[in-house]
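An overview of the molecular structure
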Amino acid sequence: MSRIIDEPYFTYSAYSALTAGIQVKCPKCHGAGMVTADEDNAYFRCLSCGHQETRDRTIYRYDVHNQCKNCGRYYRVDIEDKTKQHFSVLHVACPYCGTTMSGEVHKTAEAFSYIADIQNGREPYFGLELWFLTSFQGKPVWALNREHLAYLIDYLSADLREKPLGSPKKTQADHLPSFMKTAKNRERIVKLLKRLQEG
């Protein structure tokens, strides 16, 4: 009988880019690449053609704040339109009386983006397609890297899956979609994952 202890979810969430890295397809040559991240930036490096990208992980707030020349009130208007955020001065309407005035655009670092969701088989920092990606009955089945792929195969193949003792944190199993955990699907999904492992 094969047994496996379920691991904490953050080990295999997009957060793992900070440690193990996420394997993806290069947007230039479609070869294998790696996304990693630190506190400030996310990095992509293609292992085939050498293409590299860096992205700032800081979330910025853009706004115009001013004192209205008509009603005298102080106001702050957020600039959410990305095409307008690069301007140094914009005309905005006072939210109290509607008078339009020009004002300086202020850029303020608000927070770091700790995006951890993989959506539609793409990593969250650059939106690149995962290297280990397939589908089962029209639903995406993916792994972040070779280590995660091996873990999923072991986890879904095991006869007995045990939660770690005394861990209130969410585990990998809590986040796996139910179609992957259903007994009748597991064998076929393991076969798909093994094909990814060999490819």
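Notes on the structure follow. Values in this document were obtained by computation on a predicted structure and should not be read as measured data.

**Focus: the sheet that holds strand β2 (residues 22-25)**
On the basis of which strands lie adjacent, the open sheet formed by four strands has the order β2-β3-β4-β5 and antiparallel pairing. With one partner strand each, in any of the chains shown, β2 and β5 (52-56) form the two edges of the open sheet. Direction aside, the axes of adjacent strands within the sheet are offset by 25° on average. The pairing of strand β4 (residues 41-46) with β5 spans five bridges and is antiparallel. The residue bridging Asn41 from the neighbouring strand is Asp56, located in β5.

**Observations regarding the pairing of β2**
Bridge count for β2 against strand β3 (residues 32-37) is four bridges, and the pairing is antiparallel. Across the sheet, the residue bridging to Lys25 is Ala32, located in β3.

**A short note on the pattern of salt bridges**
Pairs can form between side chains of opposite charge once their charged atoms are near each other. Summed over all chains, the structure comprises four salt bridges. The salt bridge involving Glu129 is made with Lys25; its shortest N-O contact spans 2.8 Å. Linking Glu129 in the loop between β9 (100-112) and β10 (132-136) with Lys25 in strand β2, this pair joins segments that are 104 residues apart in sequence. The residue Arg61 makes a salt bridge to Asp63 at a minimum N-O spacing of 3.5 Å. What emerges from the salt-bridge pattern is a single network uniting Arg61, Asp63, Arg76 and Asp78.

**Digging into the packing of aromatic side chains**
If you walk through the whole model with that rule in mind, you get two aromatic pairs. Ring geometry for Phe136 and Phe179: centres 6.1 Å apart, planes at 5°, overall stacked. Here Phe136, found in strand β10, pairs with Phe179, found in helix α3 (residues 178-181); they are 43 residues apart in sequence, far enough to count as distant. Given the relative accessible area of 13%, Phe179 is considered buried. Consider the rings of Tyr151 and Tyr155, whose centres lie 5.9 Å apart with planes at 25°: the pair is stacked. With Tyr151 and Tyr155 both in helix α1 (residues 146-157), this residue pair falls four residues apart, about one helical turn. Here the two residues Tyr151 and Tyr155 agree in accessibility, since each one is buried.

Definitions and cut-offs
Residues numbered from 1 in each chain as written. Predicted model: local features only at pLDDT ≥ 70, side-chain atom pairs only at ≥ 80, totals over all residues. Heavy atoms only, no water. Pairing = 2+ DSSP bridges. Helix = DSSP H or I, 4+ residues; strand = E, 2+ residues; numbered from the N terminus. Axes fitted to C-alpha atoms, helices over the stretch in contact; angles between N-to-C directions. Salt bridge = Lys/Arg side-chain N within 4 Å of Asp/Glu carboxyl O. Phe/Tyr/Trp six-rings, centres within 6.5 Å; stacked < 30°, edge-to-face > 60°. Buried < 20%, exposed > 50% of the residue type's maximum accessible area, 1.4 Å probe, protein only.

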